[in-house]
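Architecture at a glance
Residues per chain are reported as follows:
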Amino acid sequence: MNNAIARTTALLSTCALLLTGCGGDTSTVTNSPTNSPNTSPNTSPNSIPNSTPNNTTTNTPATTGTLSSAIPIGIGVAQTSNVALLGQEQVAGAKLAQKYFNSKGGVNGTPIKLVFQDTSGDEAGAINAFQTLINRDKVIGIVGPTLSQQAFSADPIGERAKVPIIGPSNTAKNIPEIGDYVARVSAPVSIVAPNSVKAALKQNPQLKKVAVFYAQNDAFSKSETEIFQQTVKDQGLELVTVQKFQTSDTDFQSQATNAINLKPDLVIISGLAADGGNLVRQLRELGYKGLIVGGNGLNTSNLLPVCKALCDGVLIAQAYSPEHPGEINTAFRKAYIEEYKKEPPQFSAQAFAAVQVYVEALQSLDKKSKVNKLQLPELRTQLNKQILEGTYNTPLGEIGFTPTGEVVQKDFYVAQIKMEKDGSQGKFTFLK
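Residues numbered from 1 in each chain as written. Predicted model: local features only at pLDDT ≥ 70, side-chain atom pairs only at ≥ 80, totals over all residues. Heavy atoms only, no water.

Moving on, we come to the nonpolar core. Counting 53 residues, the largest nonpolar core has Ile 140, Val 355 and Ile 387 as its most contacted members. With 11 residues, helix α12 (residues 346-368) is the largest single contributor of residues to this core. Once residues within four sequence positions are removed from consideration, Ile 140 is found in contact with Leu 67, Ile 71, Pro 72, Ile 73, Val 163, Pro 164, Tyr 358, Leu 362, Leu 376, Leu 379, Arg 380 and Leu 383. Counting residues in hydrophobic clusters, the runner-up holds 35 residues, among them Ile 165, Ile 175, Phe 220 and Leu 315. (Core = buried A, V, L, I, M, F, W, Y, C linked by side-chain atoms within 4.5 Å. Buried < 20%, exposed > 50% of the residue type's maximum accessible area, 1.4 Å probe, protein only. Helix = DSSP H or I, 4+ residues; strand = E, 2+ residues; numbered from the N terminus. Contact = heavy atoms within 4.5 Å.)

What follows is the structure, encoded as structure tokens:
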């Protein structure tokens, strides 16, 4: 995996320096992630057909007036840095959505095209990506960024430009309140996170002492830990320690030892995949044998190579289940398994759903006013209104939005990681 990520990073850097170096004849800028879908045809009626790859770039700017060809949708997620463990899954989900909806005629006969910009893992990267998507690539809306921390800095740029933003994985408090043009398909942490603590109590009703860890430099982790700590109190448990770390940390010996000395029955971790996985590993290596709950940042199969066999048993609340019934989830799941030989993760499903919201909102808007006849500013404004008015049957189930852009979702789950003893393979097993 490390070699694959290194190769991806090198490719992305080359494309950034040589804008024509990944050559093509469209006006999109798309950088393929490590787990980019392949392009072999797939004609199964229950699958998502593949299409010609779109990882091309030119210096031709998108039109500033009305749309003349494919409809550009921006995808601003992390394709490099430690956050790429999440962003790569989002790129995969978005690309599957593009293939699926274009195979069904796109927006009433007009295809969509995804324009990718790498936000990397910090606020500056997200700001630069959003500015490029809005001002140079002239997208009609943006899916992104990956982190809530980035959203608080980058989303106001979309708000000021009156460009719709759909957060695919921004679950911190007050994300939709950033502005009228900001929505999210990712359910807030206040709804999702408590489910994993309740699942831990169901597995061990004798739980009493809880140790909490969180990444203090990440806005989402800080928001999530507040929910976790309140849930601990609400469930009548004893919070014995709160340990802080940085998402860039690799050594957690001090924090882990301090917590283990207090003999907790449950450890709760709010961080990202790389740091969270290392923390899980070091807790187990130091002898901690109790239950571990991971937050949404650990909700990725890319966690498994980090802590390997020691990931076994970690509980993580979910806003998506591959087993959710429904035609579109069946198609999405089948295509993902065929492509990646594993079950689709939540981050891919949410990115697919975000693209779906744009497509279906555009379809509805096009029936009222042909979208290729609207000037770009008016199209963005009308599209934003249409997004909030619609309901969508996505891989996440049926979702809609409140007037402020908060997602309305019915179904939530808890999964537990099950690893092979040698740590070579693992999966998320959904609890009943």
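The subject of this paragraph is unusual backbone geometry. That bond from Gly 144 to Pro 145 is cis: its omega, -10°, falls within 30 degrees of zero. Along the chain, Pro 145 falls in the loop between β3 (142-143) and α4 (148-161). Phi is positive for Ser 81, which is not a glycine, with a value near 80°. Mapped onto the elements of the fold, Ser 81 is located in the loop between β1 (71-77) and α2 (84-103). Given the relative accessible area of 32%, Ser 81 is considered partly exposed. At Lys 341, a residue that is not glycine, the phi angle is positive and equals roughly 60°.

Take the side chain of Gln 282 next. Assignment of secondary structure puts Gln 282 in helix α9 (residues 273-285). Look past the residues within four positions of Gln 282 in its chain and what remains in contact with it is Thr 250, Asp 251, Phe 252 and Gln 253.

Okay, the sheet that holds strand β6 (residues 209-215) next. Strand pairing in a sheet is mediated by backbone hydrogen bonds. Such pairs are either parallel or antiparallel. Read across the open sheet, the seven strands follow the order β7-β6-β8-β9-β10-β14-β15; overall the sheet is mixed. Strands at the two margins of the open sheet, each flanked by one partner only, are β7 (238-245) and β15 (426-430). Taken pair by pair, the neighbouring strands of this sheet meet at an average axis angle of 25°, ignoring direction. Where strand β9 (residues 291-294) lies against strand β10 (residues 315-318), two bridges are found, and the strand directions are parallel. (Pairing = 2+ DSSP bridges. Axes fitted to C-alpha atoms, helices over the stretch in contact; angles between N-to-C directions.)

Now for the environment of Thr 404. Tracing the backbone shows Thr 404 in the loop between β12 (397-401) and β13 (407-409). Its relative accessible area of 44% is what places Thr 404 among the partly exposed residues. In this structure the C-alpha to C-alpha distance between Thr 404 and Val 182, which are 222 residues apart in sequence, comes to 8.0 Å. A distance of 2.9 Å separates the side chain of Thr 404 from the side chain of Thr 402, its partner in a polar contact. (Polar contact = N/O pair within 3.5 Å; in protein donor to acceptor, adjacent residues only side chain to side chain.)

So, about the packing of helix α3 (residues 123-136) against α4. α4 packs onto α3 with a crossing angle of 25° between their chain directions and a minimal axis gap of 8 Å. Relative to α4, the element α3 is oriented roughly parallel. Relative to α4, α3 is oriented so that their crossing is right-handed. Packed against α3, whose contacting residues are Glu 123, Ala 126, Ile 127, Phe 130, Gln 131 and Ile 134, the element α4 presents Gln 149, Gln 150, Ser 153, Ala 154, Asp 155, Ile 157, Gly 158 and Ala 161 at the interface. When the residues that make up the contact of α3 with α4 are grouped by side-chain class, the tally is seven nonpolar, five polar and two charged. (Parallel < 35°, antiparallel > 145°, perpendicular 65-115°, else oblique. Left-handed = near helix turned anticlockwise from the far one by under 90°. Nonpolar A, V, L, I, M, F, W, Y, C, P; charged D, E, K, R; others polar.)

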